[in-house]
Every structure is written in C-alpha cells, then in structure tokens.
Amino acid sequence: MLLGASIAQDLVLYTGRKATAADRIWLLDVDSEDSAFTWLSVVATYSAAWLLLRAGNQAAARGSAFRWHWYFLAALFLLVSFDEFAGIHEKISAALASRIDNTGLLYFAWAAPFGVISLVGLAAFIPFVRSFPPRLAILLLLSAAAYLGGAVGFEMIGGSVAEVQGIESIRYRVLTNAEEGLEIAGVLIFIYVLLSHLRRTHGVP
C-alpha cells in the first residue's frame, strides 16, 4: 500500500506539468528518510535481525556449526535497519565520490563496492544456504536476489539516470520505486524463510 501510494503520487505529479520538490508529500515518498515507507523498512529489517538472533541462539543450543552465520546476519540486519533512517550509505557514497570518478553507474559510489562485497559474502554462505530444505533455500536465494537487485542493481541504474536527468525526473522516480519495492520484497521473503525455519526446527508459532 505504501509503495502504491508513492507510485500514485508520482503519476499525479508528473501528469501534465513539471513536478517540484514543494509539490511532494514526503510522508508518501519512498525515496525520503522521513517517509512511512522508510519506517516500514526499519521495522522489517529490525524484525529480521531479531529473528536471526533467535535462530542463532537456538543453533548455539544445538551446537550447530552455523551459529556464527546466524549471529553475523543478525548484526548485519541490525546495521541495515539503522542505516535505513541514518543514511550511512549516503555518507559513505559522498566520501567515495571525492576519491573516484563517480559517473554513470558509479554515480552513487557506494553501490558497486557493496555489490561486490555482497557477492563474496553470498559465496561464503553457500554451505549455510544448502543446510536449508530445497524450498526454503530457493526462497532464501530469491530474497537475496530481490534485495540486492534493488539495493545495488536499480541503485546503480538510477544513479546513471540521476546524473543526467536529476532526481526529480520521471525515469529516476520509476527506478526508485522499483528499487525500494524490490528491497522490501526481499526482506519480507527473508522474514518468511526465518519464520518457516523457526517453526520447522522448534515449533515456534
């Protein structure tokens, strides 16, 4: 509903006249840290962190070799939750932009390094993913693909558009809505996997 409200607002603003920042209802804008959508993202990623910590504690009680994978992911999602409203990645991007030629797909300079680190991390977590039943393993990979596709893929494409047309262009707005939609979809699929895992292993309601 919140994503739909953002899309509807953009359609209204860009129909028949030039939109300006003053026309926008920031509470409905998925690209704003002051929006309801950002609040939802904070809650969702924090919830994922809490479920990961719970799964880690249960894995530790069983003496599982993957307990540290759970704890690492819990810390990572806690950081992502904080970043959703603190904008740490934007500050990192600004710092990197002053040191590299951030044009085109590298306009938002943080995205490419984050993408490379994420792919390396996924490779390291292959044994962890394979420990899940096939259905949950597929959903786990789907959640990662959706989140990284939005956070990295659409972010880089959006950056190349923002450099040329600005962040108020309709093309950038479309890409931003797609980016945020993929990110929240990835997190929600991941939460479903976590709940299914907890229910399967310990009968958590």
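## Notes on the overall build of the chain
Moving on, step 1. Summing up its helical and strand segments, the chain has eight helices and zero strands in all.
Moving on, step 2. Starting at the N terminus, the α and β elements of the chain follow one another as α-α-α-α-α-α-α-α.
Moving on, step 3. When the 205 residues of the chain are sorted by exposure, 42% land in the buried category.
Moving on, step 4. Once local pairs closer than 6 in sequence are excluded, the contacts in the chain between residues at least 24 apart make up 69%.

## Remarks on empty space enclosed by the protein
Moving on, step 1. Applying the stated rule across the entire model yields one cavity of 30 Å³ or more.
Moving on, step 2. Its volume calculated, the largest cavity comes out at about 50 Å³.
Moving on, step 3. What lines the largest cavity is simply F37, S41, A44, T45, E84, Y147, E180, E183, I184 and V187.
Moving on, step 4. Secondary structure elements with two or more residues in the lining of the largest cavity: α2 (36-62) and α8 (170-202).
Moving on, step 5. Here the lining of the largest cavity is composed, by residue class, of five nonpolar, two polar and three charged.

## Brief notes about the nonpolar core
Moving on, step 1. By size, the foremost hydrophobic cluster in this structure holds 41 residues, and its most contacted members are L52, W70, F128, F132, L140, F190 and L194.
Moving on, step 2. Broken down by secondary-structure element, the contributors of at least two residues to this core are α2, α3 (67-86), α6 (126-130), α7 (134-165) and α8.
Moving on, step 3. Excluding residues that lie within four positions of it along the chain, F128 makes contacts with F66, H69, W70, L73 and L140.

## As for the confidence of the model for the chain
Moving on, step 1. In the predicted model, the chain carries a mean pLDDT of 85, and 88% of its residues have values of at least 70.
Moving on, step 2. Least confident of the elements in the chain is helix α4 (residues 88-97), whose mean pLDDT is 67; most confident is α6, at 94.

## Brief notes about the packing of helix α5 (residues 111-124) against α7
Moving on, step 1. Two elements in contact, α5 and α7, have axes whose closest approach is 9 Å; the angle formed by their N-to-C orientations is 160°. What the angle tells us is that α5 and α7 run roughly antiparallel. The two elements α5 and α7 meet at a crossing, and its hand is left-handed. Contacts between α5 and α7 pair A111, A112, F114, G115, S118 and L122 from the former with A144, L148, V152, E155 and M156 from the latter.
Moving on, step 2. For the contact of α5 with α7, the per-class residue count stands at eight nonpolar, two polar and one charged.

## Overview of a nonpolar patch on the surface
Moving on, step 1. Where nonpolar side chains cluster on the molecular surface, the patch consists of W39, L40 and V43 and spans about 290 Å² of accessible area.
Moving on, step 2. With respect to the helices and strands, the residue L40 is situated in helix α2.
Moving on, step 3. On the accessibility criterion, L40 (31% relative accessible area) is partly exposed.

## Considering the packing of aromatic side chains
Moving on, step 1. Inspection of the entire model under this criterion finds eight aromatic pairs.
Moving on, step 2. Relative to F190, the ring of F77 has its centre 5.0 Å away and its plane inclined at 15°; by these criteria the two rings are stacked. You can see F77 sitting in helix α3 and its partner F190 sitting in helix α8, a full 113 residues away along the chain.

## Describing α2
Side chains three or four residues apart in an α-helix point the same way, a direct result of the helix having 3.6 residues per turn.
Moving on, step 1. Over its 27 residues, α2 extends 39 Å from the first C-alpha to the last, a length consistent with the 39 Å expected when each residue adds 1.5 Å.
Moving on, step 2. Positive backbone phi, approximately 75°, marks G63, located one or two places after α2.

## A closer look at the packing of α2 against α3
Moving on, step 1. Axis separation between α2 and α3 bottoms out at 8 Å; the angle between their running directions is 165°. Viewed along their axes, α2 and α3 adopt a mutual orientation that is roughly antiparallel. Of the two possible hands of crossing, α2 and α3 adopt the one that is left-handed.
Moving on, step 2. Residues that form the contact of α2 with α3 fall into these classes: 17 nonpolar, six polar and two charged.

## Focus: the pattern of salt bridges
Moving on, step 1. Counted under the stated rule, the structure contains two salt bridges.
Moving on, step 2. Where R173 meets D10, a salt bridge forms, and the shortest distance between an N and an O atom there is 3.2 Å. With R173 in helix α8 and D10 in helix α1 (residues 2-13), the pair connects residues that are 163 residues apart, well separated along the chain. Of the two residues, R173 and D10, both sit in the buried class.

About the cut-offs
- Residues numbered from 1 in each chain as written.
- Predicted model: local features only at pLDDT ≥ 70, side-chain atom pairs only at ≥ 80, totals over all residues.
- Heavy atoms only, no water.
- Helix = DSSP H or I, 4+ residues; strand = E, 2+ residues; numbered from the N terminus.
- Buried < 20%, exposed > 50% of the residue type's maximum accessible area, 1.4 Å probe, protein only.
- Contact = heavy atoms within 4.5 Å.
- 1 Å grid on protein atoms, 1.4 Å probe; cavity = no way out; pocket = protein on both sides within 12 Å on 5 of 7 lines; lining within 4 Å.
- Points joined across faces, edges and corners; volume = space filled by probe spheres on them.
- Nonpolar A, V, L, I, M, F, W, Y, C, P; charged D, E, K, R; others polar.
- Core = buried A, V, L, I, M, F, W, Y, C linked by side-chain atoms within 4.5 Å.
- pLDDT = per-residue confidence, 0-100.
- Axes fitted to C-alpha atoms, helices over the stretch in contact; angles between N-to-C directions.
- Parallel < 35°, antiparallel > 145°, perpendicular 65-115°, else oblique.
- Left-handed = near helix turned anticlockwise from the far one by under 90°.
- Patch = residues over 30% accessible without salt bridge, like charges linked within 9 Å, V, L, I, M, F, W, Y side chains within 5 Å.
- Areas by Shrake-Rupley, 256 points an atom, 1.4 Å probe, with all protein chains shown as cover.
- Salt bridge = Lys/Arg side-chain N within 4 Å of Asp/Glu carboxyl O.
- Phe/Tyr/Trp six-rings, centres within 6.5 Å; stacked < 30°, edge-to-face > 60°.
- Expected span 1.5 Å × (residues − 1).

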